Each structure stands twice: as structure tokens, then as C-alpha cells.
Amino acid sequence: MERTGIIIVAGGSGRRAGGARPKQFAFLAGMPVLARTINNFAEAMPGAEIVAVLPEQHIEFWNNLAARFDVAPHTVAAGGAERFDSVRNGLAALTSDPELIAVQDGVRPLGSAGMIRRVAEAAARHGAAVPVVEPVDSFRETEGVPDTEGIVPSRIVDRRRLRIVQTPQVFRADILRRAYEAEYRAEFTDDASVVEAAGHPVCLAEGERGNLKLTTPEDFTIAEALIAAREEAEEAQTTTDAEHL
């Protein structure tokens, strides 16, 4: 595997998740969400440099919080006004001259090591890769403006042509750095959109439905259940292995 740098963007305020603290610092199964995300990548990519990008006003809080837990080695950089600025600051904070760079949402702590490595391998082959899953809901596109009867015109969208985009989004370092030399534009909603605007195509890799972005209180409830199920499965496997010794 190529040398990899990991930028974990955790600059959100977390208002939709509720609670007194931003969701990246909220506890999930007894550990801060951000700590789980960092540890997840340290396990999937041993030896990779990890930079966590945080709101500047929360860096001291995070350092104090992280000291209470077993969190993999990482450095911290201050975020910017937009996610674009935060990723750019994360790029500047990397010191190991990686060949690949993965950009990860700080509040996606549940992606498997297999999925993370799969996206990185696709990026190594194609230069840019993002994990995606097929939608299961139906979609309608609206005009956004009600008609004279107060009805918003809409039409069905063929969901077979749609994909839900996740992170990590992984890129060859030279491609990502060159793309982030651009000026910020409102249509830059993720790193893939920045790289595409710079003229490089993006490969779609297989994501995971369990790779949740924790946004609402309900997401935390689902994530707790997923962690409990995984731990139960691991315990059962350990017992089975012991019985066969």
C-alpha cells in the first residue's frame, strides 16, 4: 500500500444532532465519536499520518478529552470558514509527503477496514475514488416554487442512476493538492467535486450501508446498535476459535 495521509474533517457544530457539544465530541458506546473515527483509520491503515481538523475554539477541549481515552497518534489543525478551507488546512498540516491522501468525515466512525482499503486501492489505480451505495428510497425532483394552487411541481427521478456518496474519499496526493489550489466555489460540496472541477474523473468504489454519517439523534441510536452487534459477533468468533484450539 502506498504511503497514505489521512485528513479527518471534524469542524461541524452538530446542531442537528442535539446535545450541548458538537457531535464529533459526543460519546458513542463510551468513546468520543472522533476518537472512534481516528482509531478506525489507524487500524485500517497502520502507520498512516492522521491529521484531525477541528474548529480552532475546540482544539484545547479536544486535546483534554482525547487524553482520557486510548486514541491513536494524530496531530490537530485548525479548520476554516468552509469545509473546503478545512481540507486545505489539513493538506498543509501533513508532513510525511504521502502518495495517497484520504479525506474522511469526523462523524463517520463505522466504516470497515476492508471498505477503507478498497477505496484506497481504487484511488491508487485511478487517481481518485469515492465509496458509494445505491439508494433504496424513491426520489422526486422539485421545481422549488409552488404553483397557483400551492402545489410544488415535481417529477420522479430514476434512482437506478443515483448513488449516495460517502467517505473516505481518496486521491493521489498530487491530484488533490493541485485541485485545492482553486478558489472556493459554492458547488464544492465534497472533495470529489473539487477534483472533478480540476478536470480529473472520479472512480466509484463500493461503500457500506453501515458507514453512517452521524447527523441526528436517531443516527446515534442506530450506530450504538451496530457497534453492539459487531462486538457480539466478534465475541462469538473468538469463542468459536478457542473451541477449535
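In this text, all values refer to a predicted model and were calculated from it rather than measured experimentally.

1. Focus: the side chain of Thr4
Next up, step 1: Here Thr4 shows up in strand β1 (residues 4-9).
Next up, step 2: In terms of polar contacts, Thr4 uses its side chain to reach the backbone carbonyl oxygen of Glu2, at 2.9 Å.

2. Overview of the side chain of Gln166
Next up, step 1: In this structure, Gln166 sits in the loop between β10 (164-165) and β11 (169-172).
Next up, step 2: Since its relative accessible area comes to 5%, Gln166 is described here as buried.
Next up, step 3: A polar contact is formed between the side chain of Gln166 and the side chain of Asn211, at a distance of 3.1 Å.
Next up, step 4: Sequence-distant contacts of Gln166, that is, excluding residues within four places in its chain, are made with Arg108, Pro131, Val133, Gly207, Glu208 and Asn211.

3. What about helix α4 (residues 113-126)?
Next up, step 1: Taking 1.5 Å per residue as the helical rise, α4 with its 14 residues ought to reach 20 Å, and the 20 Å between its terminal C-alpha atoms agrees with that figure.
Next up, step 2: Buried within α4 are the following residues: Met115, Ile116, Val119, Ala120, Ala122 and Ala123. Take α4 and look down its axis: the buried residues cluster within an arc of 160°, on one side only.
Next up, step 3: Of the surrounding secondary structure, the elements contacted by the buried residues of α4 are α1 (33-44), β6 (100-105), β7 (128-133), β11 and β12 (203-206).
Next up, step 4: Looking one or two residues past α4, Gly127 carries a phi angle of roughly 95°, positive in sign.

What counts, and where the lines are drawn
Residues numbered from 1 in each chain as written. Predicted model: local features only at pLDDT ≥ 70, side-chain atom pairs only at ≥ 80, totals over all residues. Heavy atoms only, no water. Helix = DSSP H or I, 4+ residues; strand = E, 2+ residues; numbered from the N terminus. Polar contact = N/O pair within 3.5 Å; in protein donor to acceptor, adjacent residues only side chain to side chain. Buried < 20%, exposed > 50% of the residue type's maximum accessible area, 1.4 Å probe, protein only. Contact = heavy atoms within 4.5 Å. Expected span 1.5 Å × (residues − 1). Arc of directions from axis to C-beta.

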